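An overview of the molecular structure
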Amino acid sequence: MATTQTNYSQKLFKVVHPLDDQPEEKCRAEGIGPLLMTRGVRISLMVLRAYLTAMTLMLIYHVLDLSGILGK
């Protein structure tokens, strides 16, 4: 069974562009301290760091190989 809405109240919202809006107070990072990480998060971040380091070294090797610095 379908019902009809009889008491419709129109809500108006004022849209303000962020550049025209009042500046908001920013969060302060003073006294926060280091983030607490679980062992899994710490391991995954170390694996990501090792992967990015390996990819960077492979890129450097490839560029040096293409430039002919490494020889034949």
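Basis of the calculations
Residues numbered from 1 in each chain as written. Predicted model: local features only at pLDDT ≥ 70, side-chain atom pairs only at ≥ 80, totals over all residues. Heavy atoms only, no water. Helix = DSSP H or I, 4+ residues; strand = E, 2+ residues; numbered from the N terminus. Rg over C-alpha atoms; globule rule 2.2 N^0.38 Å. Buried < 20%, exposed > 50% of the residue type's maximum accessible area, 1.4 Å probe, protein only. Patch = residues over 30% accessible without salt bridge, like charges linked within 9 Å, V, L, I, M, F, W, Y side chains within 5 Å. Areas by Shrake-Rupley, 256 points an atom, 1.4 Å probe, with all protein chains shown as cover. Salt bridge = Lys/Arg side-chain N within 4 Å of Asp/Glu carboxyl O. Expected span 1.5 Å × (residues − 1). Contact = heavy atoms within 4.5 Å.

**Some words on the overall build of the chain**
Looking only at helices and strands, the chain features one helix and zero strands. Its C-alpha radius of gyration of 28 Å places the chain more than 25% over the 11 Å reference for a compact globule of 72 residues. The C-alpha extent of the chain, read off along each of the three principal axes, is 85 × 40 × 40 Å. Taking all 72 residues of the chain together, 0% fall into the buried category.

**Notes on a nonpolar patch on the surface**
Where nonpolar side chains cluster on the molecular surface, the patch consists of Leu35, Met37, Val41, Leu45, Leu48, Tyr51, Leu52, Met55 and Met58 and spans about 870 Å² of accessible area. Structurally, the position occupied by methionine 55 is in helix α1 (residues 39-67).

**Structural notes on α1**
In a regular helix each residue adds 1.5 Å, so 29 residues correspond to 42 Å; α1 covers 42 Å between its end C-alpha atoms and thus fits that length. Positive phi shows up at glycine 68, right after α1, with a value of about 90 degrees.

**Notes on the environment of methionine 37**
Mapping methionine 37 onto the fold places it in the segment before α1. If sequence neighbours within four positions are ignored, methionine 37 has contacts with Arg42 and Leu45.

**Section: the pattern of salt bridges**
One pass over the structure, following the stated rule, counts two salt bridges. The partner of lysine 26 in a salt bridge is glutamate 24, and the shortest N-O contact between them spans 3.9 Å. Lysine 26 sits in the exposed class, given a relative accessible area of 60%. For glutamate 24, a relative accessible area of 59% translates into the label exposed. The partner of arginine 28 in a salt bridge is glutamate 25, with the nearest N and O atoms 3.2 Å apart.

Don't take any of this as a statement about function, it's just geometry.
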